[in-house]
Amino acid sequence: EFTDVILIKNPALSLNDIQYKSKNPIVFPNPAIDELSLMNGTPGNYFILDQLGNKVLSFVIKDSNDKTTINTSKLKTGVYFLSDEKGNALRFIKI
């Protein structure tokens with residue numbers, strides 16, 4: 001179940017005026033160039049998979065934190081999936 005809450009501070013909005021609170025993992029920017037950030041990642045093993053399901057990168061989140069940065073500079077342009085060890089996946093594009 002996905003539950004997201006967006007809090008708006010005032011009607012004149014910029015990106016800094018919005019507080020986004022979610023319990024779901026979020027990847028950004030999408031598309032990515034050299035870095036991909038993951039927010040709300042739970043501790044565990046994570047993988048970046050290509051379109052064929054091949055693991056092209058792996059990393060571990062040891063502590064639940066606000067933001068994890070993944071270096072994507074060596075990935076070729078294309079569509080990839082960020083997957084946890086339970087098989088949950090989020091799609092992102094590398095340009």
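Scroll up a little and you will see the structure.
Residues numbered from 1 in each chain as written. Predicted model: local features only at pLDDT ≥ 70, side-chain atom pairs only at ≥ 80, totals over all residues. Heavy atoms only, no water.

Caption draft 1: Fine view of the packing of aromatic side chains. On inspection of all chains with the given rule, the structure shows two aromatic pairs. Look at Tyr80 and Phe92: their rings are 5.8 Å apart centre to centre, the planes differ by 25 degrees, and that puts the pair in the stacked class. In this pair, Tyr80 sits in strand 8 (residues 78–84) while Phe92 sits in strand 9 (residues 89–94), placing the two residues twelve residues apart along the sequence. Judged by its relative accessible area of 7%, Tyr80 is buried. Positioned above the aromatic ring of Phe47 is the side chain of Lys55, whose terminal nitrogen or guanidinium carbon lies 4.0 Å from the ring centre. (Phe/Tyr/Trp six-rings, centres within 6.5 Å; stacked < 30°, edge-to-face > 60°. Helix = DSSP H or I, 4+ residues; strand = E, 2+ residues; numbered from the N terminus. Buried < 20%, exposed > 50% of the residue type's maximum accessible area, 1.4 Å probe, protein only. Lys NZ or Arg CZ within 6 Å of the ring centre and 35° of its normal.)

Caption draft 2: Highlighting the sheet that holds strand 3 (residues 26–28). Strands sit in the order 3-4-7 across an open sheet of three strands; the sheet is antiparallel. Each edge of the open sheet is held by one strand with a lone partner, namely strand 3 and strand 7 (68–71). Strand-to-strand, the axes of this sheet are offset by a mean angle of 25 degrees, without reference to chain direction. (Pairing = 2+ DSSP bridges. Axes fitted to C-alpha atoms, helices over the stretch in contact; angles between N-to-C directions.)

Caption draft 3: Highlighting the sheet that holds strand 5 (residues 44–49). Taken in spatial order, the four strands of this open sheet run 6-5-8-9, and their pairing is antiparallel. Edge positions in the sheet fall to strand 6 (55–61) and strand 9, since each of these pairs with one other strand and no more. Direction aside, neighbouring strands of the sheet carry axes that sit 25 degrees apart on average. Here strand 8 runs beside strand 9; their pairing, made up of six bridges, is antiparallel. Bridge pairing links Ser83 to Ala89 in strand 9.

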